[in-house]
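Structure assessment
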Amino acid sequence: MDWHVNKGAKNCSCCQKLFEEEEEYFSALYDNAVAYTRKDLCLNCWDMKHDGDLFSYWKTKVQKKSEPVRQYANIEVFYDLFVRSESEDNASNKNFRYVLALYLMRKKVLTLKAINRENGDEFLVLQNSKEEKETRVLNPKLNQEGILAVKEEIGNLIGCSTQNGSQEAVKGGASAVASNGEKGH
Ligand SMILES: [Zn+2]
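Keep in mind the model is a prediction, meaning the values are calculated, not measured. (Residues numbered from 1 in each chain as written. Predicted model: local features only at pLDDT ≥ 70, side-chain atom pairs only at ≥ 80, totals over all residues.)

1. So, unusual backbone geometry
Here Lys108, not a glycine, exhibits a phi torsion of approximately 65°, which is positive. The topology assignment puts Lys108 in the loop between α3 (91-106) and β5 (110-118). Its identity is not glycine, yet Asn119 carries a phi of approximately 50°, on the positive side. Relative to the helices and strands, Asn119 resides in the loop between β5 and β6 (121-128). Residue Asn119 is classed as exposed on the basis of its 4 C-beta neighbours within 10 Å. (Helix = DSSP H or I, 4+ residues; strand = E, 2+ residues; numbered from the N terminus. Buried ≥ 20, exposed ≤ 12 C-beta atoms within 10 Å, placed from the backbone.)

2. A word on α3
Between the first and last C-alpha of α3 there are 23 Å, a value that for 16 residues agrees with the 22 Å anticipated at 1.5 Å per step. Here α3 has its buried residues at Asn95, Phe96, Arg97, Tyr98, Val99, Leu100, Ala101, Tyr103 and Leu104. Close packing links the buried residues of α3 with α2 (75-84), β5, β6, β7 (133-138) and α4 (144-158). At the C-terminal side of α3, Lys108 shows a positive phi close to 65°. (Expected span 1.5 Å × (residues − 1). Contact = placed C-beta atoms within 7 Å.)

3. A few points about the sheet that holds β7
Strands sit in the order β5-β6-β7 across an open sheet of 3 strands; the sheet is antiparallel. The open sheet terminates on both sides in strands that have one partner only, identified here as β5 and β7. When the angles between neighbouring strand axes are averaged without regard to direction, this sheet yields 25°. With 8 bridges connecting them, β5 and β6 associate as antiparallel partners. Its bridge partner lying in β6, Glu118 is registered against Asp121. (Pairing = 2+ DSSP bridges. Axes fitted to C-alpha atoms, helices over the stretch in contact; angles between N-to-C directions.)

4. A few points about the pairing of strand β2 (residues 24-31)
The sheet contact formed by β2 and strand β4 (residues 54-62) spans 7 bridges and is antiparallel. Note on β4: the bridge partner recorded for Tyr30 is Leu54. Bridge count for β2 against strand β3 (residues 36-42) is 7 bridges, and the pairing is antiparallel. When the bridges of β3 are listed, Asp31 appears paired with Tyr36.

5. Brief notes about the packing of α2 against α3
Where α2 meets α3, the closest approach of the two axes is 9 Å, and the angle between their N-to-C directions is 140°. Here α2 lies oblique to α3, going by the angle between them. In the crossing of α2 with α3, the sense of the turn from one axis to the other is left-handed. Here Phe78, Tyr79, Leu81 and Phe82 of α2 come into contact with α3, specifically with Arg97, Leu100, Ala101, Tyr103 and Leu104. (Parallel < 35°, antiparallel > 145°, perpendicular 65-115°, else oblique. Left-handed = near helix turned anticlockwise from the far one by under 90°.)

So, in structure tokens, the structure goes:
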């Protein structure tokens with residue numbers, strides 16, 4: 001399973017201006033306690049608007065029409081979400097974190113070391129190869145359908161789909177490019 005990059009937003013969520021070819025913009029996830037919502041903001045609006053309940057963000061660029069399409073989503077974006085999810089404690093976040101962990105295990109960023117059971121709960125003990133540390137993830141005991149639903153939710157937020165070779169992924173439009181600059185709230 002891989003996440004493929006979908007066609008990005010066509011205009012800024014704030015000023016509505018149309019993104020142009022090769023224009024850089026920010027995709028940001030906001031945590032409103034019930035769900036995460038995503039906004040795409042042009043650089044001008046980003047400077048004014050990126051406070052509030054910002055959970056995670058990444059810089060993206062509208063793809064040049066003649067460029068070959070970047071097919072896969074940038075793992076850094078998923079990793080950043082995973083790391084940030086550690087401090088959140090609501091139910092939907094636990095599902096999120098677990099599914100992100102499954103994906104990062106597949107990508108060999110995380111390695112399963114053990115499974116701990118405590119008071120009827122099951123925790124994955126994972127070695128994080130990026131930071132040389134152990135991370136624990138609660139297994140929310142989702143069934144296959146539940147996992148698929150969470151995958152779809154994450155995909156919608158990030159602008160990727162798990163549909164192999166879907167039209168959207170083939171057409172491209174925007175690619176998730178993690179910013180090298182400062183990150184955080
Ligand atoms: Zn704008």
